[in-house]
Structures are given as structure tokens and as C-alpha cells.
There are 2 protein chains.
Amino acid sequence: MKLEEAIKSNKFKNETQKAALNVLYTAWWLKTNMSKGLKEFGITHEQYNVLRILKGKYPDQICVRDIACRMIEKNSNVPRIVDRLEIKKLVKRTTSQLDKRETVISLTQAGILILEASTKSIDHTMETVTILTEMESVQLNKLLEKLRSSEE
Amino acid sequence: MKLEEAIKSNKFKNETQKAALNVLYTAWWLKTNMSKGLKEFGITHEQYNVLRILKGKYPDQICVRDIACRMIEKNSNVPRIVDRLEIKKLVKRTTSQLDKRETVISLTQAGILILEASTKSIDHTMETVTILTEMESVQLNKLLEKLRSSEE
DNA sequence: AAATAATACGTGTATATACATATAAATTAA
DNA sequence: TTAATTTATATGTATATACACGTATTATTT
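Now for a description of the structure that goes with this document. (Residues numbered from 1 in each chain as written. Chains lettered and ligands numbered in written order. Predicted model: local features only at pLDDT ≥ 70, side-chain atom pairs only at ≥ 80, totals over all residues.)

### Section: the interface of chain B and chain A
Often, the extent of an interface is quoted as the loss of accessible area on bringing the components together. Note the following rule: Residue pairs are scored as contacts if the distance between their C-beta atoms, which are placed from the backbone, is within 7 Å. Only DSSP runs of H or I covering at least 4 residues are called helices, and only runs of E covering at least 2 are called strands; the numbering of each starts at the N terminus.
Counting residues at the interface gives 52 residues for chain B, matched by 52 residues for chain A. Put simply, the parts of the chain that give the side of chain B that touches chain A at least two residues each are helix H2 (15-38), helix H6 (109-129) and helix H7 (134-147) of chain B. With 16 residues, H2(B) is the single largest residue contributor to the side of chain B that touches chain A.

### Some words on the sheet that holds strand E3 (residues 103-107) of chain B
Residues and elements named next belong to chain B. Filter applied, for reference: Should DSSP find at least two bridges between two strands, the strands are taken to pair. Helix axes are fitted only over the stretch in contact, all axes being lines through C-alpha atoms; the angle between N-to-C directions runs from 0 to 180 degrees.
Sheet architecture is open: three strands sit in the order E1-E3-E2, paired in antiparallel fashion. Of all strands in the sheet, those with a lone pairing partner are strand E1 (62-63) and strand E2 (91-95), marking the two edges. Two elements, E1 and E3, share two bridges in a ladder whose sense is antiparallel. Each residue of the ladder has a partner; that of isoleucine 62, found in E3, is isoleucine 105. Packed on one face of the sheet, helix H3 (residues 45-57) meets E1, E2 and E3 and runs near 90 degrees to E3. With respect to the sheet, helix H5 (residues 78-87) is in contact with E2 and E3, its orientation differing from that of E2 by roughly 120 degrees.

### Remarks on the protein's contact with DNA strand C
Basically, it comes down to this: Nearness rests on one distance test: the residue's C-beta atom, set from the backbone, must lie within 6 Å of the molecule or strand.
The environment of DNA strand C is made up of 27 residues, and the closest members are A:Cys63, A:Arg65, A:Pro79, B:Asn75 and B:Ser76. Of all the elements in the fold, those that place two or more residues in the surface near DNA strand C are helix H2 (15-38), helix H4 (64-68) and helix H5 (78-87) of chain A together with H3 and H5 of chain B.

### A closer look at the packing of H2(A) against helix H6 (residues 109-129) of chain A
All names here are of chain A. Here is the rule we go by: A crossing counts as left-handed when the near helix is turned anticlockwise from the far one by less than a right angle, and as right-handed when that turn is clockwise. When residue character is reported, Ala, Val, Leu, Ile, Met, Phe, Trp, Tyr, Cys and Pro are called nonpolar, Asp, Glu, Lys and Arg charged, and the others, Gly included, polar.
Orientation of H2 relative to H6, taken along the N-to-C sense of each, is 145 degrees, at an axis distance of 9 Å. The handedness of the crossing between H2 and H6 comes out as right-handed. Listed contacts from H6 to Asn33, Met34, Gly37 and Leu38 of H2 are Ser118, Ser121, Ile122, Thr125 and Val129. Looking at the contact of H2 with H6, its residues break down into four nonpolar, five polar and no charged.

### Observations concerning the protein's contact with DNA strand D
In the neighbourhood of DNA strand D, 27 residues make up the surrounding shell, with A:Thr44, A:Asn75, B:Cys63, B:Arg65 and B:Pro79 lying closest. Listing elements by their share of the surface near DNA strand D, those giving two or more residues are helix H3 (45-57) and H5 of chain A together with H2, helix H4 (64-68) and H5 of chain B. Within the surface near DNA strand D, the residues separate by chemical class into five nonpolar, nine polar and 13 charged.

### Focus on the relation of the copies chain B and chain A
Rule in force here: We place the copies in one frame by least squares, fitting the C-alpha atoms of every residue whose pLDDT is at least 70 in both.
Overlaying chain B on chain A yields an RMSD of 0.0 Å, the required transformation being a rotation through 180 degrees with an accompanying axial translation of 0.0 Å. The transformation relating the two chain copies, once decomposed into turn and shift, fits a two-fold axis. The residues that chain B uses at the interface reappear at the interface of chain A in 100% of cases, marking a shared surface.

### Describing the nonpolar core
Keep this limit in mind: Definition of nonpolar core: a set of buried Ala, Val, Leu, Ile, Met, Phe, Trp, Tyr and Cys residues joined via C-beta atoms within 7 Å. As a rule, residues whose C-beta atom has 12 or fewer other C-beta atoms within 10 Å are exposed, those with 20 or more are buried, and those in between are partly exposed; C-beta atoms are placed from the backbone.
Within the largest apolar cluster, 79 residues are counted, with the highest numbers of intra-cluster contacts made by A:Val23, A:Leu24, A:Val50, B:Val23, B:Leu24 and B:Val50. If near-sequence neighbours (up to four positions away) are discounted, B:Leu24 is found in contact with A:Ala27, A:Leu30 and A:Ile72.

### What to know about the sheet that holds strand E3 (residues 103-107) of chain A
Residues and elements named next belong to chain A. With antiparallel pairing, three strands are arranged side by side in an open sheet as E1-E3-E2. Across the chains shown, the open sheet's two edge strands, defined by having one partner strand only, are strand E1 (62-63) and strand E2 (91-95). Across the sheet, H3 touches E1, E2 and E3, and the angle it forms with E3 is around 90 degrees.

### Describing H5(A)
Residue and element names in this part refer to chain A. Which entries qualify depends on this criterion: Read the arc as the range of directions from the helix axis to the C-beta atoms.
Turning to H5, its buried residues are Val78, Ile81, Val82 and Leu85. Seen along its axis, H5 keeps its buried residues to an arc of 100 degrees; they face one direction. The outward face of H5, more than 90 degrees from its buried face, is lined by the exposed residues Arg80 and Ile87. Buried residues along H5 sit against H3, H4, E2 and E3. One or two residues past the end of H5 sits lysine 89, with phi positive at roughly 60 degrees.

Quick look at the structure:
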């Protein structure tokens, strides 16, 4: 669906403003599609991201701060997301002995199983849903990083 | 900042997976930048969107459902966003006389003023922050719509 | 060493998303 | 016309974002 149809408007100041809205809409669309597949595993998109970050370091442990700085949405309240994963017994919290301020999080066996199953589902969704060739994706990545190039 | 730095990872399955994450990160980045400017006006990004939709139809009124289908994030709980705008006296709720199920929302004078001031701020932010030429934006819009082209 | 500052995490609050359900009004079917 | 269905909105609950603040622990300064 074209952006104009999706938000029932074609009043854009210019193509750049339209592109910004298009990025916001596409992000919502991607998140929605990803979340659909995760539902059967009883986890949310954000919980999946935390599990994936833990997997990236597995079997090493990783503290809350290190998870936070790897999240796509930088204001994620990681302790609270970990709360929910802990209730489901997908992760375990331990106070670091090297620095007792730190809480280290580790995947449980159940967490690994859920992550593997849900990754299959997510990957399949992304492949069937994200219709871009490798070259188009390279181009899209370039444009998005150019868009953000004002960043300090 | 490159995506790799932003999420401290360079393990992408392929450019398409990276592009999807890049869209998600860029959307968060855009929202964060927009929200900064709105803070001085005491409204959130989502409240701003509702005001902008109302302005698009002003002085005509518009019902909750019509606002909802124009929102970028389609699962927005519009009645609740309107609640907050109503408390700040930026909008007014009236039951439609043609169809008493409908609640029609209209901008107040205060709402118009806030919208105009915040629009200036938002537009300025977007111009200084979104670094793309008109042609690059056209290209980006094309790629995003191609990405979503699996949509029913 | 004691005082101060910085850091890591948890928690509280307001607002939002996501989704289910309730309620009232309008439409359609019987 | 009554009953059933659909529609529009509001409301409830769980989770998330955004941000402020408290507390414990570590690091730094005096």
C-alpha cells in the first residue's frame, strides 16, 4: 500500500517530509509483521530483541547496561523487559561478583529454545515480507544513513 | 552514526535484514528528534499527529474513526490520545447529531495556536535533521514502498 | 581515610501501543 | 416491528517508551 493510502493524505511539503513519514510508517509495518509471528511463542518484539542480544554473547553473560546500548530503541527500559523474561524463566539474573552494582543476565535452556524457534519464524516472516533485492537493500541502507548523517 | 555503531553489532544475515533494522532504528531516531522540539509545547509526538490530522480537515469536524485511520501507527488508541488533548483544552469532543455513536473532535483556538507553533518547530527540526536531497528522498520513498509491496 | 562524585540498576509516573471487551446506537434481517 | 448484527467509541489490561529519581556500589578527590 502506498503511503498516501495508508495515512489517507497526499499533502506533503516535499519528498523529504514524505520520506520521513514513510520511514515511520514502514517501521510500524515491520514491527507489526514481526510481532504476529512471535505471538505463538508468547513473547513481544522487544523481549525477542533482548533474547537475541543475549544469544549474540552466549555463553558469555552480559549486564543490563550492555543490553540497553544494543537495543534499537535506546530508551527501552531493560530492567522491566528482563522482569518479564525472568517470570517466563527464559533468562536468569545474577549479581556480578566483580562489580556488585551490575546485574548479569543469562539465557536459560528454555530461553535458548524459544529464541531458536522464534528466530526461524521471524526470519521467515522477514524474507517473505521484505521485498527487496540485495542491491536495493544496499541502496536503502545508504539512504537511511545519509538521512541520519546530521547526528552528532 | 552507522547502524553497526548504534546497535553495536555487525552480524547481519544479509543486506535486507540490515535494511529492516535500519528502518526501525531510523524511525526511533526521527521520533526522538521530533519529540525534543515538542517538549516545550507540552505535547507528545502522537498528540501532535492528532492535532495535525484535525488541522487537515479544519474547520470541518472529524470523528474518532477517521482520525484513527489517518494515524501512522494504526493501533493508536485515539480516544485516549484525545482524552489528553481535551484535558489540555486543545480539542473539543461533541457527540454527532447525525449519528449519535460518533464523537466528533474539533480544534479549539488554543489547539490551533499550539499546532502552528509546534509545526514551525517540527518543520525546522525535520529540515535540519533529515539530510537528503529531493532526488534521494524520491529514491528512498520508492525503496520503502517496494519493501512493503508484499502487503495485501 | 573520609567525603564526594559517578555508575548500575531498580522503581515510579505519564503516555503510548496492542488487543480484548463493553456499551450504545444504527443497520439489517426475520 | 422485533431481533440480530454491525458499527463507533470507550474502557480495561499487559507491555512498552520516556524520563525522573532513589539506592547501593565503585571510583575519585581532598
